[in-house]
Amino acid sequence: MGGPLDPLDALAKVCGDVRPGEPEEGVLGVTPRFVAAPGTVAEAAEVMRVAAEQGLAVIPRGGETRLDWGLPPGRCDLLLDTSRLDRVIEHAAGDLVVKAEAGLTMERLAEVLAGRGQRLSLDVPLPGSTVGGTIATGAAGPLRLLYGSPRDLVIGLTIVRADGQIARSGGKVVKNVAGYDLGRLFAGSYGTLGVIVEAAFRLHPVPSAHAYVTTRVPDAANAHEAVQGVLHSPVAPSALECEASGDGITLGVLLEGVPEGVAARATRVADLLGPGADISHEPPAWWGAYPDGTTLIEVTAPPSALAEAPAATEGTAPADGAALLWGAALAGVEGCQVRWSASGKGYVGLTANAAEVAEVLARLRTTLARHRGGAVVRYAPEGVRTADDVWGPVPALTLMRRVKAQFDPEHRLSPGRFVGGI
Amino acid sequence: METTLPALAERLARALGDEAVITDPVRLRTYECDGLTNHRAMPAIVVLPESAEQIAAVVRECAAAGIPYVARGSGTGLSGGALPRTDGVLIVTSRMRRILEIDVPNQRAVVEPGVINLDVTRAVRPYGYYFAPDPSSQQICSVGGNVAENSGGAHCLKYGFTAHHVLACEIVTPDGELVTLAAGDPGYDLLGAFIGSEGTLGITTKITVRLTRVPETVQTLLAAYDSIEAGGTAVSAIIGAGVVPAAIEMMDALSIEAAEASVACGYPPGAGAVLIVELDGPEPEVAAQFAEVERLCREAGAFEIRIAADDAARALIWKGRKSAFAAVGRISPAYIVQDGVIPRTALPQVLASIDALSAESGVRVANVFHAGDGNLHPLVLFDDAEPGAAERAEEVSGRILDLCIEHGGSITGEHGVGVDKARYMPRMFSDADLDTMQMVRCGFDPAGLCNPGKVFPTPRLCGEVPGVRKGPHPYEGKADIF
Ligand SMILES: Cc1cc2nc3c(=O)[nH]c(=O)nc-3n(C[C@H](O)[C@H](O)[C@H](O)COP(=O)(O)OP(=O)(O)OC[C@H]3O[C@@H](n4cnc5c(N)ncnc54)[C@H](O)[C@@H]3O)c2cc1C
Ligand SMILES: Cc1cc2nc3c(=O)[nH]c(=O)nc-3n(C[C@H](O)[C@H](O)[C@H](O)COP(=O)(O)OP(=O)(O)OC[C@H]3O[C@@H](n4cnc5c(N)ncnc54)[C@H](O)[C@@H]3O)c2cc1C
């Protein structure tokens with residue numbers, strides 16, 4: 001044996017698909033030295049073992065739809081690309097369970113499941129996003145109201161640790177309380193605790209009918225009233241969304257079920273929402289999409305926050321729907337767009353400079369804190385990102401750092417991308 | 001200076017008041033076991049705190065003294081999770097039973113950990129809401145215990161477990177600090193990791209629960225079959241038709257016999273299996289689906305179908321099922337309640353294997369199960385007066401868990417691992433799996449004082465912990481100090 005291997009050679013010894021990284025593959029401007037695309041879980045484990053030996057900083061990459069969420073990594077020696085880990089391992093239709101590899105795209109998964117009349121009850125993702133990336137970002141759209149987010153639907157997870165060990169938690173049965181639930185811990189961990197390589201999910205039947213009921217409301221007080229009306233009624237919506245922009249405020253309710261049931265419930269919701277409500281088979285154009293803008297802020301805002309009385313009378317154009325919500329926290333910011341879900345999650349999109357974003361964040365945090373909510377910057381242009389406190393207060397940060405230190409004592413996994421410099 | 005247990009008791013009495021600290025062996029005896037009564041240990045000290053700050057103070061004292069502690073809610077746990085330490089403190093939440101806030105606009109409530117599960121529902125029912133997790137013990141178990149065990153009930157098939165209905169927990173960390181873990185906060189989902197950790201990551205002192213709208217309508221039917229297989233066919237047909245019932249429960253002949261003897265539930269005579277199917281939701285939705293369920297039950301060969309016309313009739317249908325555990329006492333002097341999970345579709349094979357196991361060993365097994373999600377509760381019957389019978393029953397019970405694992409299932413669906421099943425964990429998980437789970441534990445509780453000896457068969461060394469005592473516990477072997 002000669003001296004220590006060059007990292008590229010060492011990686012190539014254990015993985016069939018290894019190459020130097022390209023500048024275009026940079027994660028928020030940090031170019032990876034190497035890219036490895038393991039084809040099996042065992043290969044992924046070997047790659048991680050070699051990375052540990054070589055002291056390489058690793059960032060997992062799925063469909064790259066949201067690789068720019070979070071902060072730029074302190075280092076990126078190796079992009080671990082999951083695109084070859086793209087198999088459906090088992091679809092146990094009778095058990096309403098599927099197990100798949102992390103690099104499988106959500107569309108492909110949905111296609112396979114639809115073949116048996118089933119679905120993973122997370123909204124159709126941005127094209128190309130993967131099973132692993134969806135879990136790692138904790139991504140969920142409107143259906144979150146009824147079905148929750150990945151943490152609620154993952155029933156088993158296989159990960160590769162920073163040291164290359166393969167570890168599993170959960171299993172492939174829905175009801176299971178044996179051991180700690182790493183599925184929930186890894187949901188929303190942005191690649192900082194380990195590489196997700198396989199996941200099992202609980203599934204639901206595709207409902208045989210659905211309807212969207214939408215209506216325009218003049219102001220936040222009306223939006224609040226309508227939302228409360230639907231929430232406290234027995235119609236059991238799958239989703240209840242609010243869209244607000246320069247054009248005003250629109251509410252949308254999704255009902256799913258059997259045809260007779262959906263028809264009756266849609267009529268009921270239309271009655272609750274008042275004259276002008278529209279029932280359609282098609283979603284409104286904004287449904288489940290990110291708001292536009294160069295900065296995306298995710299808010300935690302429970303229903304009660306909608307009706308916060310405006311803090312001050314800044315020269316708000318009455319037509320600007322976004323400016324009316326949350327005590328006018330967004331007043332005075334041009335071109336602001338809001339998507340809010342009655343599950344308490346929302347997104348604010350804006351194109352603004354660092355000072356304006358900082359101001360919006362501060363106002364949102366003050367207003368929403370009264371409702372135990374908050375605001376986090378998901379992505380923003382470089383100048384904005386570096387100027388602002390993107391995460392806001394993180395109550396359990398000490399514990400988070402300690403958990404991180406256990407999983408990744410050398411801080412080699414997506415270093416610096418997460419809360420508190422994790 | 002080392003703190004002895006009596007010295008600790010004194011310090012705790014000073015902090016919490018004499019009334020809140022128990023060291024009298026007669027009174028301690030109340031706490032020596034939870035619902036799993038074959039494991040017993042006398043705690044050295046029991047404390048009855050009234051606030052989060054008091055729990056934090058107790059934990060800080062224990063941490064400083066290097067003395068282990070265990071949380072206890074109502075003590076209904078069935079895996080020995082709340083089994084005390086003879087060399088430690090038992091922290092009981094029974095004086096923390098206030099409902100602090102009901103927030104209807106946001107569909108949530110904030111409760112103290114000792115609040116009884118059903119009391120949450122009672123408090124919010126006037127607003128048209130309820131707390132969805134409904135373990136059969138809901139009249140007595142605490143919300144803190146539900147969080148620790150990630151409890152579910154018959155209706156978790158549709159509504160999920162405690163993890164899906166808890167939005168935040170204030171906890172006392174093993175450092176003795178009060179921290180809130182909330183679902184919406186940035187960072188890791190430590191709330192998700194905490195729920196179901198069986199009291200090993202800290203003690204929850206305040207819980208924000210999600211409230212669920214009471215469904216507009218509920219429809220329940222009971223279908224009687226000649227055999228478990230026929231009942232299983234009905235379940236497959238219902239799931240296959242895309243129906244998600246609120247609950248699907250099944251009982252076999254032996255458990256029906258026990259329920260009849262105990263509560264005279266009047267199930268159809270001669271049934272080899274009964275199936276209970278409940279649908280709930282908006283009226284028009286349920287009406288359409290219930291008709292289909294009834295048809296599918298009939299097609300699968302039901303020889304009798306009863307439909308509950310009202311709440312009283314529904315309660316009657318559920319009465320037999322809900323009494324099944326206790327009822328088995330009528331047909332057997334002693335029994336083990338097992339809790340395992342299999343993929344639902346493996347039900348016929350696994351039940352056949354359990355039958356074979358029973359025939360071969362001569363140990364009778366009654367079966368009650370949440371058929372919709374494959375959660376089995378075999379009741380392994382034995383006569384504790386007969387030498388060797390308990391061991392044989394234990395053996396059969398363990399082999400049932402092996403069957404669950406062989407079929408890709410789990411060793412526990414709702415009762416938890418506790419002390420009871422820690423030894424089975426290596427059959428389901430590899431060393432690396434268990435080691436990885438314990439990394440979470442090491443992050444929260446590097447000193448290993450918070451409910452030690454539960455869940456994991458062997459503790460993981462957490463690495464250097466500043467200021468933490470190493471080596472044998474100073475009071476090892478001196479547990480009978482009081
Ligand atoms: C309003 C709104 C609605 C949305 N709705 C949905 C939705 O319904 N469903 C949905 O799926 N998405 C939704 N998204 C978000 C987006 O589609 C996800 O971020 C995406 O799923 C990420 O997947 P990816 O494969 O592209 O990951 P990438 O963009 O490649 O990576 C994202 C992050 O995950 C990490 N990561 C990727 N793979 C792994 C892995 N295997 N192990 C560990 N870490 C990994 C990366 O390091 C990175 O930090 C929504 C977003 C918004 C704003
Ligand atoms: C007749 C009967 C029927 C049952 N049916 C079901 C059922 O259908 N479904 C089901 O899931 N379970 C069931 N159980 C089991 C049991 O009731 C549940 O596990 C329940 O959640 C335990 O609550 P408890 O308050 O009694 O907890 P305890 O038994 O007191 O404690 C259980 C665990 O929780 C920990 N703990 C308690 N309080 C706290 C706290 N504040 N912070 C942190 N940890 C804490 C303890 O340390 C222990 O590990 C049943 C039990 C009985 C006796």
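Since we're looking at a predicted model, the values are computed, not measured.

Chemist: Describe the overall build of chain A, naming the residues involved and giving the relevant values.
Modeler: Helix and strand content of chain A: 13 helices and 19 strands. The C-alpha radius of gyration of chain A comes to 23 Å, within 12% of the 22 Å expected for a compact globule of 422 residues. The dimensions of chain A, computed from C-alpha atoms along their principal axes, are 80 × 55 × 35 Å. A total of 422 residues make up chain A; the buried ones form 61% of that total. Long-range contacts, defined here as pairs at least 24 residues apart, represent 69% of the contacts in chain A between residues at least 6 apart.

Chemist: Break down the overall build of chain B for me, with residues and values.
Modeler: Looking only at helices and strands, chain B has 15 helices and 19 strands in total. Seen along its three principal axes, the alpha-carbon backbone of chain B occupies a region of about 75 × 60 × 45 Å. Residues counted as buried form 62% of the 482 residues belonging to chain B. Here the analysis covers contacts within chain B between residues at least 6 apart in sequence; of these, 70% occur between residues at least 24 apart.

Chemist: Before we move on, could you go through the domain arrangement of chain A and cite the residues and values that matter?
Modeler: Residues and elements named next belong to chain A. Each assigned domain of chain A is listed with its residue range as follows: domain 1 (1–206) and domain 2 (207–412). Each of domain 1 and domain 2 has a C-alpha centre, and these two points are 28 Å apart. Contact residues are listed per partner, giving 31 residues for domain 1 and 29 residues for domain 2. A salt bridge links E256 to R119; the shortest N-O distance between them is 2.9 Å.

Chemist: I'd like a description of the confidence of the model for chain B, backed by residues and values.
Modeler: All names here are of chain B. Here chain B averages 93 in pLDDT, while 96% of its residues score no lower than 70. Across residues 465–482, where pLDDT falls below 50, the model places 28 contacts with residues more than four positions away in sequence or in other chains. Predicted complex metrics record ipTM = 0.96 and pTM = 0.95.

Chemist: Residue-level account of the site of ligand 1, with values.
Modeler: All names here are of chain A. Inspection of the region around ligand 1 gives 33 residues, with G63, T65, R66, T130 and Y290 positioned closest. Interatomic distance of 2.9 Å between a backbone N/O atom of D123 and an oxygen atom of ligand 1. Here an oxygen atom of ligand 1 and a side-chain polar atom of T134 are 2.9 Å apart. Protein coverage of the free-state accessible area of ligand 1, which is 960 Å², stands at 98%. Listing elements by their share of the shell around ligand 1, those giving two or more residues are β3 (58–61), α4 (131–137) and β10 (195–202). Looking at which element gives the most residues to the shell around ligand 1, the answer is α4, with five residues. Here the residues of the shell around ligand 1 are counted per class, giving 14 nonpolar, 14 polar and five charged.

Chemist: Tell me about the interface of chain A and chain B, residues and numbers included.
Modeler: Taken residue by residue, the interface counts 71 residues in chain A and 86 residues in chain B. Across the interface of chain A and chain B, roughly 6,100 Å² is buried in total on both sides, 58% from carbon and sulfur atoms. When the buried area of chain A at its contact with chain B is split by residue, K175, V177 and Y180 of chain A rank highest and sum to 16% of it. Applying the counting criterion to the chain A and chain B interface returns seven salt bridges. Of the charged contacts in the structure, one is a salt bridge between E101 of chain B and R372 of chain A, with a shortest N-O distance of 3.0 Å. Counting every contact that joins chain A to chain B gives 34 residue pairs in polar contact (both at pLDDT 80 or more). Put simply, the parts of the chain that give the side of chain A that touches chain B at least two residues each are α6 (150–153), β9 (166–170), α7 (182–186), α8 (220–231), β14 (248–257), α9 (259–273) and α13 (397–407) of chain A. The element that contributes the greatest number of residues to the side of chain A that touches chain B is α13 of chain A, accounting for seven residues.

Chemist: Give a detailed account of the UniProt feature "domain: FAD-binding PCMH-type" (unreviewed entry) in chain B, specifying residues and quantitative values.
Modeler: UniProt's entry tags residues 39–214 of chain B with the feature "domain: FAD-binding PCMH-type" (unreviewed entry), counted in the numbering of this structure. Helix makes up 22% of residues 39–214 of chain B and strand 25%, with an end-to-end C-alpha separation of 39 Å.

Chemist: Describe the domain arrangement of chain B, listing the residues and the values that go with them.
Modeler: Residues and elements named next belong to chain B. Domains assigned within chain B are domain 1 (5–92), domain 2 (99–213), domain 3 (215–329), domain 4 (332–425) and domain 5 (429–467 + 474–481). Put simply, the middle of domain 1 and the middle of domain 5, counted by C-alpha atoms, are 19 Å apart. In this complex, domain 1 contributes 16 residues to the contact, which on the side of domain 5 involves eight residues. For the pair domain 1 and domain 5, the two sides together bury roughly 1,000 Å², of which 65% comes from carbon and sulfur. At the boundary of domain 1 and domain 5, one finds zero salt bridges. Summed over the shared surface of domain 1 and domain 5, the result is five residue pairs in polar contact (both at pLDDT 80 or more). Secondary structure elements with two or more residues in the side of domain 1 that touches domain 5: α1 (5–16), α3 (52–65) and β3 (69–72). Looking at the side of domain 1 that touches domain 5, its residues break down into 10 nonpolar, four polar and two charged.

Chemist: So what about the environment of G196 of chain B? Which residues, and what values?
Modeler: With respect to the helices and strands, G196 of chain B occurs in the loop between α7 (190–194) and β10 (203–210). Sequence spacing of G196 of chain B and E414 of chain B is 218 residues, and the spatial spacing of their C-alpha atoms is 9.5 Å. Leaving out residues up to four positions away in the same chain, G196 of chain B has contacts with G179 of chain A together with V147, A148, E149 and N150 of chain B.

Chemist: So, the packing of aromatic side chains: which residues are in play, and what are the values?
Modeler: Within the structure shown, the criterion is met by nine aromatic pairs over all chains. Judged by centre distance (5.9 Å) and plane angle (75 degrees), the rings of F186 of chain A and F407 of chain A are edge-to-face. One end of the pair, F186 of chain A, is in helix α7; the other, F407 of chain A, is in helix α13, and 221 residues separate them in sequence. Accessibility classification places F186 of chain A together with F407 of chain A in one group, the buried group. With centroids separated by 6.4 Å and ring planes inclined at 80 degrees, the aromatic side chains of Y130 of chain B and Y159 of chain B adopt a geometry described as edge-to-face. Of the two residues, Y130 of chain B is situated in strand β7 (residues 129–130) and Y159 of chain B in helix α6 (residues 156–159); the sequence distance between them amounts to 29 residues.

Chemist: Outline the sheet that holds strand β5 (residues 88–92) of chain A, listing residues and values.
Modeler: Residues and elements named next belong to chain A. In spatial order, the strands read β5-β6-β10-β8-β9; together these five strands make up an open sheet with antiparallel pairing. Single-partner strands in this sheet number two, and they are β5 and β9. The sheet shows a mean angle of 10 degrees between the axes of neighbouring strands, direction not considered. Bridge analysis of β5 against strand β6 (residues 97–101) gives four bridges, and the strand direction is antiparallel. By the bridge assignment for β6, V88 is matched with A100. Sitting on the sheet, helix α2 (residues 41–54) is in contact with β8 (154–160), β9 and β10, with an inclination near 145 degrees to β10.

Chemist: For helix α11 (residues 354–369) of chain A, give the residues involved together with the corresponding values.
Modeler: Residue and element names in this part refer to chain A. Between the first and last C-alpha of α11 there are 22 Å, a value that for 16 residues agrees with the 22 Å anticipated at 1.5 Å per step. Along α11, the positions that sit buried rather than exposed are V357, V360, L361, R363, L364, R365, T367 and L368. Its buried side turned inward, α11 meets β16 (295–300), β18 (345–350), β19 (374–379) and α12 (382–387). The N-terminus of α11 is capped by N353, whose side-chain oxygen sits 3.1 Å from the backbone nitrogen of A355.

Chemist: Lay out the site of ligand 2 with the relevant residues and their values.
Modeler: Residue and element names in this part refer to chain B. Ligand 2 sits among 32 residues. The nearest are A71, G73, T76, S137 and S142. Here T76 contributes a side-chain N or O atom positioned 2.6 Å from an oxygen atom of ligand 2. With respect to ligand 2, the backbone of G77 contributes an N or O atom lying 2.7 Å from an oxygen atom. In isolation ligand 2 has 970 Å² of accessible area, and contact with the protein removes 93% of it. Elements with a contribution of two residues or more to the shell around ligand 2: β3, α5 (143–149) and β10. Considering every element that reaches the shell around ligand 2, the biggest residue donor is α5, with five residues. Viewed by domain, the shell around ligand 2 spans two of them, domain 1 (5–92) and domain 2 (99–213), each represented by three or more residues.

Chemist: Would you mind going over the side chain of H204 of chain A in detail, with residue names and values included?
Modeler: All names here are of chain A. Considering the arrangement of structural elements, one finds H204 in strand β11 (residues 204–205). Assessed through its relative accessible area of 9%, H204 is described here as buried. Engagement of the side chain of H204 in a polar contact is seen with the side chain of S121, the distance being 3.1 Å. Here H204 is in contact with L96, G117, Q118, R119, S121, Y147 and L153, once residues within four sequence places are set aside.

Cut-off values and rules
- Residues numbered from 1 in each chain as written.
- Chains lettered and ligands numbered in written order.
- Predicted model: local features only at pLDDT ≥ 70, side-chain atom pairs only at ≥ 80, totals over all residues.
- Heavy atoms only, no water.
- Helix = DSSP H or I, 4+ residues; strand = E, 2+ residues; numbered from the N terminus.
- Rg over C-alpha atoms; globule rule 2.2 N^0.38 Å.
- Buried < 20%, exposed > 50% of the residue type's maximum accessible area, 1.4 Å probe, protein only.
- Contact = heavy atoms within 4.5 Å.
- Domains from an automatic or database assignment.
- Salt bridge = Lys/Arg side-chain N within 4 Å of Asp/Glu carboxyl O.
- pLDDT = per-residue confidence, 0-100.
- Near = heavy atom within 4 Å.
- Polar contact = N/O pair within 3.5 Å; in protein donor to acceptor, adjacent residues only side chain to side chain.
- Areas by Shrake-Rupley, 256 points an atom, 1.4 Å probe, with all protein chains shown as cover.
- Nonpolar A, V, L, I, M, F, W, Y, C, P; charged D, E, K, R; others polar.
- Buried area = accessible area lost by both parts, 1.4 Å probe.
- UniProt positions renumbered as here; feature names shortened; annotations may be inferred.
- Phe/Tyr/Trp six-rings, centres within 6.5 Å; stacked < 30°, edge-to-face > 60°.
- Pairing = 2+ DSSP bridges.
- Axes fitted to C-alpha atoms, helices over the stretch in contact; angles between N-to-C directions.
- Expected span 1.5 Å × (residues − 1).

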